Amino acid sequence: MKYISIFLLIFLPVLLFANISELQNNLKNSVGKERMEILLELGDKTRYLDQTQSLDYGDEAIVLSKTLDRVYQVEAFIVQSETFKRYSDRANAKKYAEEARKLAYELGKKEI
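Just so it is clear, the structure is predicted and the values come from calculations on it, not from any experiment. (Residues numbered from 1 in each chain as written. Predicted model: local features only at pLDDT ≥ 70, side-chain atom pairs only at ≥ 80, totals over all residues. Heavy atoms only, no water.)

Q: Whenever I open this one, the packing of aromatic side chains confuses me. Can you help?
A: Both the distance between ring centres and the angle between the ring planes are used here to describe each pair of aromatic rings. Scanning the entire structure with this criterion turns up two aromatic pairs. With a centroid separation of 6.0 Å and an interplanar angle of 45 degrees, the aromatic rings of phenylalanine 77 and tyrosine 96 are classed as tilted. With a gap of 19 residues between them, phenylalanine 77 in helix H4 (residues 70–86) and tyrosine 96 in helix H5 (residues 90–106) connect regions that are remote in the sequence. In this structure tyrosine 96 comes out as buried when scored by relative accessible area, which is 13%. Taking 5.7 Å as the distance between ring centres and 15 degrees as the angle between the ring planes, the aromatic pair formed by phenylalanine 84 and tyrosine 96 counts as stacked. Here phenylalanine 84, found in helix H4, pairs with tyrosine 96, found in helix H5; they are twelve residues apart in sequence, far enough to count as distant. Residue classification places phenylalanine 84 among the buried residues on the basis of a relative accessible area of 11%. Through successive ring pairs, a cluster of aromatic residues spans Phe77, Phe84 and Tyr96. (Phe/Tyr/Trp six-rings, centres within 6.5 Å; stacked < 30°, edge-to-face > 60°. Helix = DSSP H or I, 4+ residues; strand = E, 2+ residues; numbered from the N terminus. Buried < 20%, exposed > 50% of the residue type's maximum accessible area, 1.4 Å probe, protein only.)

Have a look at this one:
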């Protein structure tokens, strides 16, 4: 069990970073819904490594969502909320969670 834990501690960050790098490369040439999905995934994955970068991806996703489907805006608000929560900024976490909840309700979603 000890060796499995050591293995995971060493290789999980390497795999996560490789996936983030691939997503960042894909982002360069993406547009529309594809770009949105990559931004949301990057915002989610970078949350644990770089708060500023995660929030930047979330901000771009919020702006882009206004030209696409507003359901994406709900998801972008959730990414922002979770990032702020991760770094103990409860006021902003609550603000974005409330925005996500209100918009989801407007769009007829019962759960987020």
